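One-letter residues, chain by chain:
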Amino acid sequence: MTELLTAAQMRALEQAAIESGQVTGLELMERAGAGVVEAVFEEWPELGEGAHRAVVLCGPGNNGGDGFVVARLLKARGWDVEVFFYGDAEKLPQDARENFRQILEICRVNMLGFPRAALDAQHAFGDQASHRVDELSGDENERKPPFLVVDALFGIGLARPITGLNEIMVHMDYLALHRGLNASRLLAIDVPSGYHTDTGEVIWGQDNGSPAFPAIFSDLAVTFHARKPVHAAIERHGMKTVVKDIGLHG
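Every chain is numbered on its own, with residues counted from 1 as its sequence reads. Predicted model: local features are reported for residues with pLDDT of at least 70 only, side-chain atom pairs are reported and counted for 80 or more only, and whole-chain, interface and lining totals are derived from all residues. Only hydrogens and water are set aside; all other atoms, that is, all heavy atoms of the structure, feed into the side-chain values.

## Section: the state of the cysteines
A pair of cysteine sulfur atoms is labelled a disulfide when the two atoms are within 2.5 Å. On inspection of all chains with the given rule, the structure shows zero disulfides. This cysteine, C58, is not joined by any disulfide, and C107 carries the nearest cysteine sulfur, 9.1 Å off. Between buried and exposed lies partly exposed: a residue is buried under 20% and exposed over 50% of the maximum accessible area for its type, with that area taken using a 1.4 Å probe on protein chains only. Note on C58: relative accessible area 0%, which makes it buried.

Structure (structure tokens):
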């Protein structure tokens, strides 16, 4: 498709496909995650050789669910995958919650923000849900920075400023500013977090400090079915967009 879709139009298209019986929400999420992984190896074919380290940042909605799928698929390829989750696991949408359950079976999930939610997740899902952020950008005495960082925090769903993620922004700033040295590739699912899908404006809420980037920088944004208005804006900042087909019609 060459036309642009707003966030509301994309949601309506997905919902219509689900209600018609054409596809389930879980199937759409699986297709989206598979499309992201495909885009990774198309953009950076060198990552297809051997296993690498990835950090996947997942948010409280279906974009986070896409991120859980990406983490699972990379893990299946033998990658060392670290998942960070911002949100309340008990309030995840049904399909995202199912993929959260699946990722917990194969790797640790680090809880971000929502302090109470971190405790609730440990109670509901076991010790695989933990609260750590120290491994996001690596430690020179322990682990190297990740070869791939996936931003699946908000996608097309962000419509208001978000606070409480300054710790993540500091790490993402470091990776973005030093990615030529640390070899990290930064990828966003749908939209880099901090941008409004329909206007392209930065709406990230800052609670402490002044990160170098007012929104998360991504080398590549992988969106689905059609471009969104925001993609022209992020491309002006040096970010690339690719569109992946997930089998929707219209």
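Next, the rest of the story.
## Observations concerning the confidence of the model for the protein chain
One number per residue, pLDDT, summarises how confident the predictor is, and it ranges from 0 to 100. Per-residue pLDDT for the protein chain averages 82, and the proportion of residues at 70 or more is 72%. When the criterion is pLDDT under 50, residues 114-134 qualifies, and its contacts beyond four places in sequence or with other chains add up to 44 contacts. Any pair of residues with heavy atoms lying within 4.5 Å of one another is described as a contacting pair. Under a pLDDT of 50 for its full length, residues 206-213 has, in the predicted model, 17 contacts with residues more than four places off or in other chains.

## Some words on the pattern of salt bridges
We define a salt bridge as a side-chain nitrogen of Lys or Arg found within 4 Å of a carboxyl oxygen belonging to Asp or Glu. Under the counting rule described, the total for this entry stands at 11 salt bridges. Note that K244 is salt-bridged to E42, the shortest N-O span being 2.8 Å. Residue K244 is located in strand β8 (residues 240-244), and its partner E42 is located in helix α2 (residues 25-43); the two are separated by 202 residues in the primary sequence. Overall, the relative accessible area of 10% leaves K244 in the buried class. A salt bridge links R97 to E90, with the nearest nitrogen and oxygen atoms 3.4 Å apart. Among the charged side chains, a salt-bridge network with shared partners connects E38, E42 and K244. Helix numbering and strand numbering both begin at the N terminus, where a helix is a DSSP run of H or I of at least 4 residues and a strand a DSSP run of E of at least 2.

## Describing the packing of helix α3 (residues 62-76) against helix α4 (residues 94-104)
Running from N to C, α3 and α4 cross one another at 30 degrees; their axes reach a closest spacing of 8 Å. Comparing the axis directions of α3 and α4 gives the class roughly parallel. Between α3 and α4 lies a crossing whose hand is left-handed. Contacts from N62, G65, F68, V69, A71 and R72 of α3 reach α4 at A96, N99, F100, Q102 and I103. Three residue categories are used. Nonpolar comprises Ala, Val, Leu, Ile, Met, Phe, Trp, Tyr, Cys and Pro, charged comprises Asp, Glu, Lys and Arg, and polar comprises the others, including Gly. Each residue belonging to the contact of α3 with α4 can be placed in one class, and the counts come to six nonpolar, four polar and one charged. Only C-alpha atoms enter the line fits that serve as axes; for helices the fit covers just the stretch in contact. Angles between N-to-C directions range over 0 to 180 degrees. The scheme is simple: roughly parallel for angles under 35 degrees, roughly antiparallel for over 145, roughly perpendicular for 65 to 115, oblique for anything else. Whether a crossing is left-handed or right-handed is set by the direction in which the near helix is turned from the far one by less than a right angle, anticlockwise for left-handed and clockwise for right-handed.

## Topic: the layout of surface pockets
In the cavity and pocket records, a cavity denotes points on a 1 Å grid over the protein atoms alone where a 1.4 Å probe fits but cannot get out, a pocket denotes an open set with protein on both sides within 12 Å along at least 5 of 7 lines, and lining residues are residues with an atom within 4 Å of a point. Grid points are joined across faces, edges and corners, and a volume is the space filled by probe spheres set on the points. Approximately 760 Å³ is the volume found for the largest pocket. Of all the elements in the fold, those that place two or more residues in the lining of the largest pocket are α1 (7-19), α2, α3 and α4. Residue contributions to the lining of the largest pocket peak at five residues, all from α1. Of the residues contributing to the lining of the largest pocket, the split by class is 17 nonpolar, nine polar and six charged.

## Details of α2
At 3.6 residues per turn, the α-helix brings residues three or four places apart onto the same side. In this model, α2 (19 residues) spans 27 Å end to end at C-alpha, consistent with the 27 Å of a helix rising 1.5 Å per residue. Within the span of α2, buried status applies to G25, L28, M29, A32, G33, G35, V36, V37, A39, V40 and F41. Expected helix span is given by 1.5 Å per residue-to-residue step, counting one fewer step than there are residues.

## Overview of the pairing of strand β1 (residues 53-58)
Most of β1 sits inside the fold, with six of its six residues counted as buried. Residues R53, V55 and L57 line one face of β1 and the alternating positions A54, V56 and C58 line the opposite face, and both faces are buried. Any two strands with at least two DSSP-identified bridges between them are counted as paired. Of the pairings in the sheet, the one linking β1 to strand β2 (residues 80-86) comprises six bridges and is parallel in character. Bridging from a neighbouring strand, V55 pairs with E82 of β2. Orient the strands so they point away from the viewer; a crossover is then right-handed if the path from the first strand over the helix to the second runs clockwise. For the crossover from β1 across α3 to β2, the handedness is right-handed. Here β1 runs beside strand β5 (residues 148-152); their pairing, made up of five bridges, is parallel. Paired with C58 across the bridge in β5 is A152.

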